[in-house]
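Reading the structure
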Amino acid sequence: MTDSKYFTTTKKGEIFELKAELNSDKKEKKKEAVKKVIASMTVGKDVSALFPDVVNCMQTDNLELKKLVYLYLMNYAKSQPDMAIMAVNTFVKDCEDPNPLIRALAVRTMGCIRVDKITEYLCEPLRKCLKDEDPYVRKTAAVCVAKLHDINAQLVEDQGFLDTLKDLISDSNPMVVANAVAALSEIAESHPNSNLLDLNPQTINKLLTALNECTEWGQIFILDCLANYTPRDDRESQSICERVTPRLSHANSAVVLSAVKVLMKFMEMLPKDLDYYGTLLKKLAPPLVTLLSAEPELQYVALRNINLIVQRRPEILKHEMKVFFVKYNDPIYVKLEKLDIMIRLASQANIAQVLAELKEYATEVDVDFVRKAVRAIGRCAIKVEQSAERCVSTLLDLIQTKVNYVVQEAIVVIKDIFRKYPNKYESVIATLCENLDSLDEPEARAAMIWIVGEYAERIDNADELLESFLEGFHDESTQVQLQLLTAIVKLFLKKPTETQELVQQVLSLATQDSDNPDLRDRGYIYWRLLSTDPVAAKEVVLAEKPLISEETDLIEPTLLEELICHIGTLASVYHKPPSAFVEGSRGVQHKRLPGSAGSGESVESPDPGAAATETPPAVIPSQGDLLGDLLNLDLTPTTTTGPPPPTTSGMQMGAMDLLSGGLDSLLGGDIGGNPAMGAAFGAAPATMPASFNAPGSGGLDDLFDLGGGVGMPMGALNPPKAVWLPAMKAKGLEISGVFVRRAGVIQMEMTLTNKAMSVMTDFAIQFNRNSFGLAPAGPLQILTPLSPNQSIEPLNNLQVAVKNNIDVFYFSCQYPISMLFVEDGKMERQVFLATWKDIPNDNESQFQIKDCHLNSDAASNKLQSSNIFTIAKRTVEGQDMLYQSMKLTNGIWVLAELRVQAGNPNYTVSSVALAIGPIINQNGFENGFTNQAL
Amino acid sequence: MIGGLFIYNHKGEVLISRVYRDDIGRNAVDAFRVNVIHARQQVRSPVTNIARTSFLHVKRSNIWLAAATKQNVNATMVFEFLYKMCDVMAAYFGKISEENVKNNFVLIYELLDEILDFGYPQNSETGALKTFITQQGIKSQASYLISKNQPNVVYCGTHGFLFVFLWSCFVLQHHTKEEQSQITSQVTGQIGWRREGIKYRRNELFLDVLESVNLLMSPQGQVLSAHVSGRVVMKSYLSGMPECKFGMNDKIVIDKQGKGGGSEDVAKSGKQSIAIDDCTFHQCVRLSKFDTERSISFIPPDGDYELMRYRTTKDIILPFRVIPLVREVGRTRLEVKVVIKSNFKSSLLAQKIEVRIPTPLTTSGVQLICMKGKAKYKASENAIVWKVKRMAGMKESQISAEIELLPTNDKKKWARPPISMNFEVPFAPSGLKVRYLKVFEPKLNYSDHDVIKWVRYIGRSGIYETRC
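Residues numbered from 1 in each chain as written. Chains lettered and ligands numbered in written order. Predicted model: local features only at pLDDT ≥ 70, side-chain atom pairs only at ≥ 80, totals over all residues. Heavy atoms only, no water.

1. Description of the overall build of chain A
Just so we agree on the cut-off: By definition, any uninterrupted DSSP run of H or I lasting at least four residues is a helix, any uninterrupted run of E lasting at least two residues is a strand, and each is numbered from the N terminus. Only protein chains enter the calculation, and the probe is 1.4 Å; a residue is then buried if its accessible area is under 20% of its type maximum, exposed if over 50%, and partly exposed in between. Accessible surface is estimated by sampling points in the Shrake-Rupley manner with a 1.4 Å probe; for residues, cover comes only from the protein chains shown.
The number of helices and strands found in chain A is 41 helices and 12 strands. Across the 934 residues in chain A, those meeting the buried criterion constitute 57%. Looking at chain A as shown, the accessible area adds up to about 39,200 Å², and 51% of this sits on carbon and sulfur atoms.

In structure tokens:
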């Protein structure tokens, strides 16, 4: 008798029959019935109506039957939560069973039943199982914590399971360690800042020991966890690498790739002149090659990863070209990936071999593969200049085959070759023109039209050719239409006499008959240009084009760095950061390589400019933390820290509002007041050219300090810059900056770093309308174009838009409110008193500043230098009360009362603002302190 | 981690569906069927993202195994797991076919519950699993009545399966307390692949060195590329928990020993040692020991397993040399002469030799003369296939063919694809030699000498081509 018969029952009234069988007295019949139920469940039939009957079978000695019932429960408990409770008792009982396998089974299954009421009962058994004497039960319980966390995170925290889980990392059994690590890693992922997996040298040591002893899967969990650790120095990094390298010989590809991930990451910290660094590089190549003899699916994953590794460290596999040659029976996905890597590894030394192979591939059957092979030939031409001629002749041979898609693909790449080597291969244009009629894909048509337009003067019948395209103008895709428009305008500028009619025709087609806004706009622009100033039109349309770069479709460096941290995972297969395909909070943290080498630095040449790009890591310290740190720096920490009094929540709300610009409406008409920032901008450009010539980053800093020093005689404060616009979001442009107030002027200092491949130019800046009417006093002046990996220092900003030749980028940044206090903020005593009384109590708010170990006089002095003026002081019951005033740039007065109690590091501030609601924020005050703290 | 695991037949009907995570719903099962199994196109990637759910799949004959997830999982691990899962199923019930999967669906669910917990792979060594998942697999072929994979089998006789004790389906509760804790400690222990208390009347070891030799040679006899990928496959029937040590003529080891030993020894063994480019090991091998001392020591699993894989590219013994001679006589005739020379000891015999000589698409007729074996022109394959059953070392043999061509006005020349060859030889083309395989069992009293060891070398052709 076999079980396959269970799949075939399709009778009507089946449920009834099953119900009868489930309640049968005979054990065998019962078991048969449960099997039928499971089979129906598998194929997607709804058998939830049998819930009570199946659950009744749970109390049994037969383990096989028990497992089947559990399987049913896991599937349907959610739909019948009330009935599911019936099962709880059995679970609880099973958790006490003398047989460890049954204890584990019970705790494992219970964790899979996602019903709140059951979860409550799970806690006690789970706690016991986590401390069970049997490792099998402990390892199951460890995973169960992760399950419970998925259902009810709060409960796990409240019950203290996380601590127990952390203890399991020191368990004597390697498998328990591995599962605990896996569970903790997953929980930590949904709490990015929790520091749950508190990795320190001791735990790392434990993990490395367990690594040698646990199963292949456990090794993967541990290695993946290790990859998140950042060693303190190169020595630690090296010792971990040494203990991880033996894993490269494991038969399991996942162990190998995870080990590669750890090594790739930790290698960043090793000095390049170290012997060990070279040894490590050599050790990495063979295992990567061996991965290519695994099953095709694994090969595919390996190849996607090798693609990343080759981009980051081309030296590892540069001699291994041959292993990436395509085999006849490789699946198509492996073939395509191999092709990609071949091009990346192509160099002058191996180009002959590569070309011979590519030519072979271009005659294969699979259309995608052939296309990619043809394109690869073109890319070789662009990459290895010496081979360009041979590549072009190979492409011409392929065009002769007249295979439609081969021809089209060849034309697309030839266009790029023309752009890379202008005035060299134009002799082939005639051959290309012969194939004009066979082109039916937009990309190829557009490429051909581009060629015709670009070389119109050398093609006698260019006007006829373009005219023939024009006939079906409205049926073409936008790409072709745009290209056609441009090409005809080019043609007109080159041969104005014969083509006037043609250009008028295309302009009217583009502007009057098309509803595509891009096309229309481009049409109008050309029209205006041609009608007002033909000379200027010529300069614009026929301008010399910049050469295209050698490597195309390289992954952007910051993304590449992140993907290297995700080697082996889906992110590395998709070549996308996890946030692009994972929902919710998981995996949203951006991982980065550790940076002794600096993030933006290219691998081979550590140029001096690289140091300058060493901007703070992606972690943007929140304003609060930063300020807290600075305060501690200044003030000697005392042991007497009083209990922190509760902060009034009302105040925090106010502070939030102010920063988010919600005050716009409150402030109304006052926005017009534009604080003078002119001086800052006036000074900034003066220092800039000099700093560009400065050899290294040190020079830049010095110069900058100088500039700052002049502006601010009382000791320049240089608060650290925060990253405002990460390079990932802005096509390679990274902006970090800070606000300072110097000599009565608000300055925004920005560091722009170019982490992209191409040069950036044409910078401009603009601010959104904001509460205090900040606006740039001068245009953004960046004199030199920003070449890759270069960064510029000084510049002085909220919502900001920065534009360059690539795109417009938007970001927002906070500015400390203390910037906005003006120097003439001292109010007359009488006026103060009167105003204080006049202001309704609603306008008042209170908050506390913690851990400030200054006496009232010192505090008052410090605040004064931030333009917060003390008007009066009085002492009541050992408390000093300071009455203070300040004025904002938009003319609003703010009055405050600061209570300082000797010995209590916490200050209480009550503040009122004139005529408007409760403002002034903690931030302002704290800033006042901090500004002076340094 | 893995959110759900599904098994489908070739039509896309679900045979097994096990969901581990809440984020994978029933619709995921259908999404994969519609978008991948029923897709018109051939599979373009083993990883598919459908509506933010990633599906990683492998195919065994007609059966699709797919893992679904919504997280950024370790993709390599998932694929390794799917393969492991196939191995485990195969060990329980043989070939993975629709019939076998349906017959064993209860067993598969039980296995899935054990080897994948909340999507985390757990110990999946069959040796260990069989100690507590004791359901017998149901096999479709009647000839497999007796399962060699039964846990309670006593092997006797030379090759294994003469005498078999079967304890009928053994339900867990009947294990004694010691047995239970032994099971759990094995499943979670350092040696998860072997259980304790295995006993054989006769301790035997079978070691196969299986190599595939790959070659691309120019018409002039110049080696363009050559490599050997080899595997060491073992069958061990040993009692207790034996500690094994495997030694081969690895250049690094021999050189190291040479320094300590006599100079004569160096000269002698230096020649015979081979340089291994890279090797990977079964999880039973202590990798850190290999890394530091380059010695291969392990406690073997019981039964069949692959101990290591390796790759070599230097000093490969090429068992055959193919010498092609192609002459175009006019536009309608080709004369082809191919000589094969065997290049190994004359006492050895190569088997299953096959030479495949491609012919142009315009071939109209072929006349063949060969001294040995049989040759045939296969029009459907556009090739002459020449088969020789056996051939001793240091011999040569030749075939000549006259090919008539249809006259065409196609200017394109014939691309002349390479001549390929298949064969099997009784030695290792890499030159690998097993130097020793020592067995120590400290607790039971049998010594290394009592173990009967069998070693076999087989070299096969991989892609073995000569351009003409």
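2. Brief notes about the overall build of chain B
For the record, the criterion: Any two residues having at least one pair of non-hydrogen atoms within 4.5 Å are treated as being in contact.
When helices and strands are counted, chain B shows 9 helices and 23 strands. Sorting the 468 residues of chain B into buried and exposed places 53% on the buried side. Partitioning the intrachain contacts of chain B with sequence separation of at least 6 by distance along the chain shows that 70% fall at a separation of at least 24.

3. Topic: the packing of aromatic side chains
Residues and elements named next belong to chain B. Put simply, the test is: For this analysis, a ring pair means two rings from Phe, Tyr or Trp (six-membered ring only for Trp) whose centres lie within 6.5 Å, classed as stacked if their planes differ by under 30 degrees, edge-to-face if by over 60, and tilted for the remaining angles. Over a ring means this: the NZ of a Lys or the CZ of an Arg is within 6 Å of the ring centre and within 35 degrees of the ring normal.
Counted according to the given criterion, the structure contains 25 aromatic pairs over all chains. For the pair Phe32 and Trp64, a centre-to-centre distance of 6.1 Å together with 75° between the ring planes defines the contact as edge-to-face. Here the residue Phe32 occupies a position in helix α1 (residues 26-37), and Trp64 occupies one in strand β5 (residues 63-69), the gap between them amounting to 32 residues. Like Phe32, the residue Trp64 is buried in the burial classification. Counting every residue linked through ring pairs, the aromatic cluster contains Phe6, Tyr8, Phe32, Phe55 and Trp64. The residue whose ring lies beneath Arg21 is Phe118, and the NZ or CZ to ring-centre distance is 3.6 Å.

4. With respect to the interface of chain A and chain B
Selection criterion: Accessible area, probed at 1.4 Å, shrinks when two parts are joined; the buried area is that loss added up over both. When a carboxyl oxygen of Asp or Glu lies within 4 Å of a side-chain nitrogen of Lys or Arg, that pair is called a salt bridge. Whenever two N or O atoms come within 3.5 Å, that pair is a polar contact, provided that in protein one can donate a hydrogen and the other can accept it, and provided that, for residues adjacent in sequence, both atoms are side-chain atoms. Basically, the charged four are Asp, Glu, Lys and Arg, the nonpolar ten are Ala, Val, Leu, Ile, Met, Phe, Trp, Tyr, Cys and Pro, and anything else, Gly included, counts as polar.
Contacts between the two partners involve 97 residues from chain A, matched on the other side by 84 residues from chain B. Buried area between chain A and chain B, both sides added, is near 7,800 Å², and the carbon and sulfur share of it is 56%. Taken together, chain A and chain B are joined by 10 salt bridges. We note a salt bridge from Glu186 of chain A to Arg21 of chain B, for which the minimum N-O separation is 2.3 Å. Across the chain A-chain B interface, the total number found is 43 residue pairs in polar contact (both at pLDDT 80 or more). Among the elements that line the side of chain A that touches chain B, the one with the most residues is helix α9 (residues 135-151) of chain A, at 8 residues. When grouped by side-chain class, the residues that make up the side of chain A that touches chain B number 48 nonpolar, 22 polar and 27 charged.

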